[in-house]
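Observations on the model geometry
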Amino acid sequence: MSEPIKVTINGQEFETEKGARLIDVCREQAFNIPSFCYYQDLALQASCRMCLVRIEKMPKLQTSCTITCTDGMIVTTQSPEIEKAQRAMGEFLLANHPLDCPVCDRGGECELQEMIFDWGDVEERFVESKNATPEKFLSPIVANDPQRCILCKRCTRVCDEWMGEDAIEAGNRGVNTVIGTYGGWLDCSQCGNCIEVCPTGTLLDGTFRHETRPWELNNTISTDTYSSDGMQISIGARGDFVHRIAARDRYVDGLNGEFLDVKARFGHGFINHPDRLKTPLIRYKKGGKLIPTTWDEAIHYVANKFKEFGKDIGVIASARLTNESIFTLKRFATEVAGSENYAVSDAYDLSPVFDNLSVPLCTHKEIRHAKTILLIGGEPEEEQTFTAKQIRQAVRNGGAKLIVVHDTPIRLTAQASQFIHVNPNSLDAFALAFADQADDTITKKLGAAASEIDEVLKTIGETTGDFIIMFGRNLSPEAQALIANAAGNFASENRRVLLHPLPLYNNSVGANDMMAGKKSVADVLINSRALLIGGSLSQPAKLTDGYLERKEFIVVQELFATATTAYADVVLPAASFAEVDGTYTNNTGFVQRVRQAIEPIHQAKADWIITSMIAREMGMDFGYNYSATAAFKALADSVPAYAGLRYPHLKDESKPVQAKYQIAGEKDLSKELGELRRRVEAITERSDKIIETPKVGHKLHRLTTMTEKTPQFHLLAHGNPKPENLLVSPMVQFNLDGTPKIAEKAEAASVGDRISDVKRSAGTMIDGKV
Amino acid sequence: MEIKAIGCEPLQLKRVHLENSHTLKVYQENDGYKWLRKAMDMSPDAIINEVKASVLRGRGGAGFPTGMKWSFVPKDSPKQKYIVCNADESEPGTFKDRYLMERDPHALIEGMLIAAFALNSQTCYIYTRGEYRYLIDIMDEAIEEARAANLVGKNILGSDFSCEVYTHTGAGAYICGEETALLSSLEGYRGHPRMKPPFPAVEGLYASPTVVNNVETLTAVPQIIEMGGVAWRDLGTEKSGGTKLWSVSGHVKKPGVYELPMGYADMERFIMEDCGGIRNGHNLKGVIPGGSSVYIMRADDVIGKKVLMDYEGLVAAGSLVGSGGFIVIDETVDIVDSTKNLTEFYKHESCGWCTPCREGTDWLVKIFNRIASGGGRPEDAQLILDLVDNIEGKSFCALGDAAAWAIQGAIKRFPEDFMPYLNGEKTTSIEPKAKTV
Amino acid sequence: MASVAPTYYTNQVQVTDEAASFSPSVLEEMDSHLAKYPSERKRSALIPLLFVIQRERGYVDNAGVNFLAKFLDLEVTDVWETVTFYSMFNLRKIGRHHIQICKTLSCRVMGEPEITEHVCNKLGIYVGETTADEKYTVSLVECLGSCGTAPMMQIGFDYHEDLTTEKVDRILDSLK
Ligand SMILES: Cc1cc2nc3c(=O)[nH]c(=O)nc-3n(C[C@H](O)[C@H](O)[C@H](O)COP(=O)(O)O)c2cc1C
Ligand code: SF4
Ligand code: FES
């Protein structure tokens, strides 16, 4: 597709590639063409008929979204004829569109509104009455005003092509066509991508409904604080209140375009939640109460106490913190306490991967264009949703082959060309097979036939282009080391091999980078008398509680009171990601900016500031001067993979910067191999494969300290019950535990859409059909 | 109802009057399946060339040369190839395919098999509109008979040519007559038309090369093999070969299916003599010659004008052959009412995919309702013409154009029917029982 | 008591997981439809099978949709999008005899309005309604391909053509 050709647009000649899409070419050359249904990388639709242009030698006006450029094509994008047609389409779209922009949540950022305003001078010729349909709910999170719909079907296409869920579809015919579902209720992962791509106010963010007008929001570009994909988001705040999170504009691309998942988009309720810690707290006596205090007092108290422990201080950082904060915690351990007792609380240790890299990490763009993808364990559709979307599109739109090796038939297997269904907890055995160490006992433990493995190797062998290996967290460290090291063996002249680990937290990779030489959490817990914990521990309580109880002094930097703060002697209120500047490193090694959207809530401070305040009080000045820029500079100067990076280099997320990881090359892994063999041999053979496909959202909708602060997540976590009345928000029809509130109450709480209105307009919903 | 040929020997209608004409026995007694045998001795290219020479133009409405369509199929493609018979017949005023299938089902099967042989296809589907359930039963029976006689299925007539013929049902959607929408529907989806290119001949059913042909087109194929392409063409004119079925309905004394040679002269004689003339005591007001989607003609465009009944002749007369649904109306018909009726049809049948057709037809129906109930304004004529112009040529498929033409023709050619409404001098009473769709 | 919005509106269909079951002979018929299409294109059988469901269950009900979705490996919403497109499928219960009067041009000019009025008066219902005894439903439909024998109506799948009011009486009286 790279043959250069010439096309003439509005009398000017341009060079482009053969097969380039005309609408894109025109737009690149700043001839703006209005469109609604066209959406890059989604199936073509050509239904809105907005993008009409005149092409010489072709009858009729043509839709530029469907035309691929050929040499010598002569195109006109602006003429009275075209303007008439485009105005006409605008007029048609407005015919049944309620002109309720003043009360529409999309008002101000609606593509239809924008287009009509741009044309200006629109005369209303439609005097008949409109086909009215009232506003309703499709789920606790998706509000729906069907009458505003222009049927561009971006929503149904993203649901199908991005999410692979097919949850929302078009029903009925002709002018009665509606976007919806069977039964009217949306039982899906609630990613909200349909809301995002909707050009009008038809699908609306149920958590944002009627909160504020879009133009009153201050939008700050930042990075998602949930998933390791590092999706780019836009935090919309008014004053010091975060009202919503949306994706970045698809034309000013972050790596994820308009894609986000349910947590990234809707899980922001925690930021301004009333439960946020307001002041520093000290528990003067073990067993006593946490008592509010001032920062001065708290820092002074902590520093004095810590001085008693010296090397016996252990430091644990959460993988949710920014690189700056984790780096500062590590410095605290090494430079202030003089101890090697530091750890990341993420149970999944990435160092076996990064220490044995034989090939580079891949980017999400490379996943989209990969030829073969091997997924070993993991569940990207629940944890790394953007990775999952890229996989689906690679398969659907790019014809890539997906091989899934898993003990559970996860939903992605629907896209797979090969699924090796292995025994529960036997993925380690596959690592051996992958490293060409398979034998009969191993395939037996694996519960797969040798021929299945041969087929994998055959598919890889036939791949020209990119071959990507992804693996989840259910592999032992040795297995990961082995895979990371063996990957290079598959590279050849026309095959590039790339690696894509699937860690859980937004900054798992950064935490691994920042804490070189880290210990395990258990080691730190055992070898310390006092603890400084940034963020709470994510290990199950049964593993940590016994230790925490016995520590002499524990300081926790946190947003909320948690199971960990229950053991703390001092709790210091930390600022959330929306309140700080910093960086996260995602699972492709991109170092991306976190930007301050609002002032820290109450008395909260950034984690790295808190840590440096303690250090300074103990006589060590890290020299950051409370500037995130300086903290990052110090970090970059100390961590080799980040050498030379500065904030200005990270300014433009459409060109993300990858940390430079050392490629290890051939390595002797006989020790790991031996250990792994022993492990695999110890696996008990079994024949009870897991046959149930996990339900959509079983991880995404789980309530956590953060997501539980968004009320809608409670209904999702309780099975997303369908309310009796779809016109009233489910949030007033159910208690948070999913039990219905009594009917009268639900009705009394409904605003606006009175039942009598409903009856009147009911006839229009039923499509004239019997 | 009349079913007969005029001005030529009956070809399409050769067997329809025979008793049990739908059975294999009667069909074979009348040379049935002989032409399949003959075709199977020819080379595929030779068959296609005969069809090309015959200048057979698609009888479904678009009039695209059938031989040319067949030659677009990439013969060396490794994919399965499909022959799909378009028996969706939903164009208002059209009912010829129905009688062909009812009385001569084997002719259709034979035509499909010849097409399949010429195009190296092993599977044929007959997509019949869902309302024609009894025809599907007739076809199924005929297919079974043919299968029992080794005319359908494996190794047909002992050769190495195998071909299956299946029936498939629609479920009430005019748009599924559009060939790409038909394929979507045949795949079990909503009947939305698809983008062209790729044309079905290259990427049709199941993304494989597919030929979609009308029933009458396919039943003509055995005749072409029988007579030879040139001889068949010479029944008609140079550019419009062969004979054509016209479904005549409305205010004539003898409505029915008539087979006329292409180029039959003239339309006036056809209406006034062959169809028995206008019902007693009334006069011709207009004719919609090619199914509801074409321009309506006024009586004065027909009377004394010697309109030739073929593709060129009707274009010259300001209309189209379309599907040959010949609707004759007398002076009792109010054109505003009849146009409203057709607009409602297009609104109901618009698939809803593209903006101009979906919103435009809905809006037009609203305007017609307003006008009919006394809310007409003088500027409405211009408004309607402008809306129609905004649909025509901008819609995704030809249904939008069809709706536009039906309205354009009426309003341009019968202003005297519209003016009283637009000047507020006339209303129609609102029907008592019929709720609008 | 608080008024409650009609169920059909607030919840277009009451959706449950319950799936219909069919007798072996019906299943066999379904398989015979499936056999017409390539095995990886099961969805092609959707429309023919919906007719079977409609015949067996009176209309395309929730349990029938659930059954079909399973039978063809589809999501219920996939079935929904298709079934609502086609005008011959009923998503709600209708009368035993579905009287469908053609209202398009040829029938209209040949006397459809009189026929419709006659039928409605005789049954005492409006177009689009079902008689109280659930015996008849009257609908107006678009051209059914009987223009030459207009006016016409279809009852169930049976064509009744060249109608007059007397003929309509005879036909309706003969229905059980
Ligand atoms: C809206 C619309 C409806 C159509 N309906 C029919 C139909 O009912 N029957 C038919 O044979 N062709 C119909 N056609 C024409 C088909 O698209 C196609 O041209 C035809 O099936 C090709 O067969 P032919 O070449 O034998 O005519 C329709 C076209 C359009 C645009
Ligand atoms: S013109 Fe558009 S809306 Fe109308 S039937 Fe064709 S695609 Fe559907
Ligand atoms: S963008 Fe081309 S038709 Fe919609």
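Values in this document were obtained by computation on a predicted structure and should not be read as measured data.

Topic: the overall build of chain A
Counting its regular elements, chain A contains 25 helices and 28 strands. Taken over C-alpha atoms, the radius of gyration comes to 28 Å for chain A, in line with the 27 Å a tight globule of 770 residues would show. Across its three principal directions, the C-alpha atoms of chain A cover 80 × 60 × 55 Å. Here chain A holds 770 residues, and the buried ones make up 62% of them. Each charge sign in chain A was given a centre, from 86 positive and 101 negative side chains, and these centres are 1 Å apart.

Section: the interface of chain C and chain B
Tallying the contact residues gives 46 residues for chain C and 60 residues for chain B. Here chain C meets chain B over a buried area of about 4500 Å², counting both sides, of which 58% is carbon and sulfur. We note a salt bridge from arginine 98 of chain B to glutamate 161 of chain C, for which the minimum N-O separation is 3.0 Å. Joining chain C to chain B, the criterion identifies 25 residue pairs in polar contact (both at pLDDT 80 or more). For the side of chain C that touches chain B, the secondary-structure elements that each account for two or more residues are helix H3 (46-57), helix H5 (76-83), helix H6 (105-109) and helix H7 (112-123) of chain C. Grouping the amino acids of the side of chain C that touches chain B by side-chain chemistry returns 24 nonpolar, twelve polar and ten charged.

Things to note about the pattern of salt bridges
Tallied over the full model, the rule gives 89 salt bridges over all chains. With a shortest N-O distance of 2.4 Å, glutamate 81 of chain A and arginine 54 of chain A are connected by a salt bridge. Residue glutamate 81 of chain A is found in helix H2 (residues 80-95), and its partner arginine 54 of chain A is found in strand E3 (residues 52-55); the two are separated by 27 residues along the sequence. For arginine 54 of chain A, a relative accessible area of 25% gives the class partly exposed. Between glutamate 462 of chain A and lysine 458 of chain A there is a salt bridge, with the nearest N and O atoms lying 3.7 Å from each other. In this pair, glutamate 462 of chain A and lysine 458 of chain A both sit in helix H14 (residues 450-462), four residues apart, roughly one turn of the helix. Lysine 458 of chain A gets classed as exposed once you look at its relative accessible area, which sits at 52%. Put simply, Lys84, Glu91 and Arg125 of chain A together with Asp386 and Asp389 of chain B are held in one network by salt bridges that share partners.

Considering the packing of aromatic side chains
All chains considered together, the criterion is met by 44 aromatic pairs over all chains. Ring geometry for tyrosine 284 of chain A versus tyrosine 301 of chain A: centroids 5.5 Å apart, planes at 80°, classification edge-to-face. Here tyrosine 284 of chain A is found in the loop between strand E14 (281-282) and strand E15 (291-292), whereas its partner tyrosine 301 of chain A is found in helix H7 (residues 295-307), with 17 residues between them in sequence. A cation over an aromatic ring shows up here: lysine 389 of chain A above the ring of tryptophan 162 of chain A, its NZ or CZ 4.8 Å from the ring centre. Of note, arginine 43 of chain C hangs over the ring of tyrosine 189 of chain B, and the distance from its end group to the ring centre comes to 3.8 Å.

So, the site of ligand 2
In the vicinity of ligand 2 there are 13 residues, among which Pro193, Cys351, Cys354, Cys357 and Cys397 of chain B approach most closely. A class-by-class count of the residues in the shell around ligand 2 yields nine nonpolar, four polar and no charged.

A few points about the environment of glutamate 13 of chain A
Residues and elements named next belong to chain A. Within the secondary structure layout, glutamate 13 lies in strand E2 (residues 12-17). With a relative accessible area of 52%, glutamate 13 lands in the exposed category. With 61 residues separating them along the chain, glutamate 13 and isoleucine 74 place their C-alpha atoms 8.8 Å apart. Those residues in contact with glutamate 13 that lie beyond four places of it in its chain are Lys6, Val7 and Thr8.

Rules used in this analysis
- Residues numbered from 1 in each chain as written.
- Chains lettered and ligands numbered in written order.
- Predicted model: local features only at pLDDT ≥ 70, side-chain atom pairs only at ≥ 80, totals over all residues.
- Heavy atoms only, no water.
- Helix = DSSP H or I, 4+ residues; strand = E, 2+ residues; numbered from the N terminus.
- Rg over C-alpha atoms; globule rule 2.2 N^0.38 Å.
- Buried < 20%, exposed > 50% of the residue type's maximum accessible area, 1.4 Å probe, protein only.
- Lys, Arg positive; Asp, Glu negative; His and termini not counted.
- Charge placed at Lys NZ, Arg CZ, Asp CG, Glu CD.
- Contact = heavy atoms within 4.5 Å.
- Buried area = accessible area lost by both parts, 1.4 Å probe.
- Salt bridge = Lys/Arg side-chain N within 4 Å of Asp/Glu carboxyl O.
- Polar contact = N/O pair within 3.5 Å; in protein donor to acceptor, adjacent residues only side chain to side chain.
- Nonpolar A, V, L, I, M, F, W, Y, C, P; charged D, E, K, R; others polar.
- Phe/Tyr/Trp six-rings, centres within 6.5 Å; stacked < 30°, edge-to-face > 60°.
- Lys NZ or Arg CZ within 6 Å of the ring centre and 35° of its normal.
- Near = heavy atom within 4 Å.

As far as function goes, none of this settles anything; it's purely spatial.
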